[in-house]
2 protein chains.
Amino acid sequence: MFKLSRLVLLAGLSLSMLAVPAQAQVFPLGDGPWEFDTYSPPQRIKVSVIARGIEHPWGMAFLPDGDVLVAERKGALRLIRDGVLDPQIVSGTPQIAFAQWGGLMDVVLHPQFADNGLVYFTYTKAGEHPEGGEYWTTTALGRGRLNEARTALENVEELLETNGWSDVIGGHGSRLRFAPDGKLFMSSPFRRHPEAPQQPGSHIGKLLRLNDDGSPAADNPFIGNPDYMPEIWSVGHRAIEGMAYHPRTGELWAAEHGPQGGDEVNIVQPTQNYGWPLVSFGRDYSGRPAAALEKPYLEGMVQPLLVWVPSIAPSGMMFYTGEAFPRWQNDLFLGGLMTGRIPGTGHVERVSFNVFGEIKRERLLNDLKQRIRDVQQGPDGLIYVLTEEVDGALLVIEPVAVPAQ
Amino acid sequence: MFKLSRLVLLAGLSLSMLAVPAQAQVFPLGDGPWEFDTYSPPQRIKVSVIARGIEHPWGMAFLPDGDVLVAERKGALRLIRDGVLDPQIVSGTPQIAFAQWGGLMDVVLHPQFADNGLVYFTYTKAGEHPEGGEYWTTTALGRGRLNEARTALENVEELLETNGWSDVIGGHGSRLRFAPDGKLFMSSPFRRHPEAPQQPGSHIGKLLRLNDDGSPAADNPFIGNPDYMPEIWSVGHRAIEGMAYHPRTGELWAAEHGPQGGDEVNIVQPTQNYGWPLVSFGRDYSGRPAAALEKPYLEGMVQPLLVWVPSIAPSGMMFYTGEAFPRWQNDLFLGGLMTGRIPGTGHVERVSFNVFGEIKRERLLNDLKQRIRDVQQGPDGLIYVLTEEVDGALLVIEPVAVPAQ
């Protein structure tokens, strides 16, 4: 039997040796609420704490009535019930290999959740190393049915164990999004593997498209090609940690957590190659260019729609479509974990577009100095933000009316 | 006779129509001093106001004894004498066409200033439009001798009138640096001209290399080529607003103020083409890609060493070589006017390198929310920062010792 506790302990020890100052929580979140001015167009906002004490949250899912499921990295599923964090965890999640670099990640509801109660989640799964090493993990997709009391996941199943097994620490991060047609997109991270994101037989560094039972969708682009894993939609990704459908075009946009100076947003299309690790704007932490090529362009690889240099470490993302902020409609919002691994530099990034392309990027909430893991629009049209901290919090952003001048 | 006042008035009117919120001074500077923590390596700093009430300063030059000449955009040369701003301006500067987009810009001392008292400056010069239009300006280089009382420039001469005449508003910005061999580099801005930065017969969008009398250096790379202006060192620049010599390699580095998302730092070498406007990472303010090409790469054009996406609007820059901050030695510091034209986002950018390349970028002073126009090391080894505001200020950054933990 694999000794999970030993894995976690050893991983923890290793990570403390690798630790950078960025990992410490340097700026505790105050009590709030806070008000900030934002610009282009001018918009005053109020930011309030809904719940706190959520340990390193990774993903969140709004239930139809406004309750929120929140996934903690260490493997606990939490419920914010009537606006209050339930002290009891939602039981039933599988054994999860958690550490600073992985664990329970995203959580989403089935499109027919109101009828079937199904909850999907991605997580890091440990296994026995074939050569006897200490670390051996991959990324998996699970599903369970939330009971009526919202205290437990029942009938929990593993729907997909990816073939991304690796003994390398880090390179995790997996986001889930249901498409309008009911198919499920799951990002499968790069695991710091130098070649696998370009290898068709590996799930590593790919975007996967699944049926709601975790099987490959029958009309996937590489179905029938024996060289490719049948789940693959697109290749050459590093770590997609944000996905959202554009409200007008219906395109799937994905934010990729790159190396230093290599963050990207792409419109992800079937069969396309997004270049990692052959093409990137970024540098690895040694200072060397991260991509194998010296130039940020290669024929046949998709050029990113947006890049960030230096990095913001983009996490969850959404397009805003609500009524509370009419002038932000169709703007893209991304969580930013931090810039250049500098403590206190997390923020929410707002990107606005016109018919030609991007016209503005603005940093929101940067004065709070929190790492931001996810940003989503709630059923009430307000904007909800999850901070990735030991004392993680769910924040809500509301508009503040400013008297006409 | 050209009516300067009318030019300024009309330019002002036009600009107020073009004005974005970014132009307003939204965040007044407090009294200070302030203390901030910086990271990687941890370094606590104290920031104090040396002088304020300097209207839109553009450049500064330290005299050997620590007095500072500061150029105000509107054409006034100011002296900070014994740490106090002299209320009387240094007289003798020529007639300067100033507006929001141009005016008196950089100011530097001759390498033998201690003996000859010579001061060099770049400025926007107005002329009579050949077709009778209202605006007709170019960039010029001037020189004068600072009198002993430091109250006046004497023997003021125009050393070079570039052929960058244009009736387009904006696209100014010119920095000066003396090379170790006594030659003078002057950046000649792009004037928003769609082709001239690639045209060898135009000074527009070029870096120029001059003798100290303003004539082209005899060993310039295009001397003898009748297609090229003899002053040209390198081509395809947009708006170089920062230049510094690397303390170890002796290379000249230049920061280029790009379009949205197109800021660059390059090592500028003779005959090289830096791509503007054919290659850029940026977008123009309409949202369209700014460069003529869709891809940020073209054979034969130099790839930038550093890019910023989104923009920080880099201004003056320096490499730090002092003793006050031993762990910042050889780091690059750039002024940032703002990010994405969002008010309150100016800062000082610190970039550190190892032998492989860039390893870290950090934003300093961003909590002050001031536009930063220049950053220089003073004769005392401290770091001096010029804020580009109506109530512009000269700030000094000192280290604060933190007790060992």
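Refer to the preceding data block for the structure.
Reading guide: rules and limits
Residues numbered from 1 in each chain as written. Chains lettered and ligands numbered in written order. Predicted model: local features only at pLDDT ≥ 70, side-chain atom pairs only at ≥ 80, totals over all residues. Heavy atoms only, no water. Pairing = 2+ DSSP bridges. Helix = DSSP H or I, 4+ residues; strand = E, 2+ residues; numbered from the N terminus. Axes fitted to C-alpha atoms, helices over the stretch in contact; angles between N-to-C directions. Phe/Tyr/Trp six-rings, centres within 6.5 Å; stacked < 30°, edge-to-face > 60°. Buried < 20%, exposed > 50% of the residue type's maximum accessible area, 1.4 Å probe, protein only. Contact = heavy atoms within 4.5 Å.

K.L.:
Can you tell me about the sheet that holds strand β25 (residues 392–400) of chain B, naming the residues and giving the values?
P.N.:
All names here are of chain B. The strand order β1-β2-β25-β24-β23 describes an open sheet built from five strands, whose pairing is antiparallel. Since the sheet does not close on itself, it has two edges, and those belong to β1 (34–38) and β23 (372–377), each with one partner. When strand polarity is set aside, the average angle formed by the axes of neighbouring strands in this sheet is 25°. Pairing between β23 and strand β24 (residues 383–387): five bridges, direction antiparallel.

K.L.:
Break down the packing of aromatic side chains for me, citing the residues and quoting the values.
P.N.:
For any pair of aromatic rings, the description rests on two quantities: the centre-to-centre distance and the angle between the ring planes. Residues and elements named next belong to chain A. Tallied over the entire structure, the rule returns 26 aromatic pairs over all chains. Ring centres of tryptophan 253 and phenylalanine 319 lie 5.0 Å apart, and the angle between their planes is 90°; this geometry places the pair in the edge-to-face category. With tryptophan 253 in strand β16 (residues 252–256) and phenylalanine 319 in strand β19 (residues 314–319), this pair connects stretches of sequence that are 66 residues apart. Pairwise contacts between aromatic rings join Tyr320, Phe325, Trp328 and Phe333 into one cluster.

K.L.:
How would you sum up the environment of leucine 337 of chain B? Please name residues and give values.
P.N.:
Residue and element names in this part refer to chain B. Within the secondary structure layout, leucine 337 lies in the loop between β20 (332–336) and β21 (347–354). Look at leucine 337 and you get buried, because its relative accessible area is 3%. In the structure, leucine 337 is positioned 35 residues away from isoleucine 372 in sequence and 4.9 Å away in space, judged by C-alpha atoms. Not counting chain neighbours up to four residues away, the residues in contact with leucine 337 comprise Glu241, His257, Ile312, Ala313, Ser315, Gly346, Arg371, Ile372, Arg373 and Glu388.

K.L.:
Outline the sheet that holds β20 of chain B, supporting the account with residue identities and numerical values.
P.N.:
Residue and element names in this part refer to chain B. Pairing is antiparallel in the open sheet, where four strands are placed in the order β19-β20-β21-β22. Among the strands making up the open sheet, the edge pair consists of β19 (314–319) and β22 (357–364). Strand-to-strand, the axes of this sheet are offset by a mean angle of 20°, without reference to chain direction.

K.L.:
Before we move on, could you go through the environment of methionine 105 of chain A and cite the residues and values that matter?
P.N.:
All names here are of chain A. Here methionine 105 is to be found in strand β7 (residues 104–109). Judged by its relative accessible area of 1%, methionine 105 falls in the buried class. Taking C-alpha positions, methionine 105 is 32 Å from arginine 44, a pair spaced 61 residues apart along the chain. For methionine 105, the contacting residues outside a window of four places in its chain are Trp58, Gly59, Ala71, Thr122, Tyr123, Thr124, Thr139, His172, Gly173 and Ser174.

K.L.:
Which residues make up the pairing of strand β13 (residues 206–210) of chain B, and what values do they have?
P.N.:
All names here are of chain B. Burial of β13 is extensive: five of the five residues sit out of reach of the surface. Burial of the side chains of β13 extends over both faces: Lys206, Leu208 and Leu210 are buried on one face and Leu207 and Arg209 on the other. Relative to β13, strand β12 (residues 184–188) runs antiparallel, the two being bridged by five bridges. What sits directly across from serine 188, in β13, is lysine 206. Here β13 pairs with strand β14 (residues 232–235) via three bridges, running antiparallel. Residue pairing across strands places leucine 207 opposite serine 234, the latter belonging to β14.

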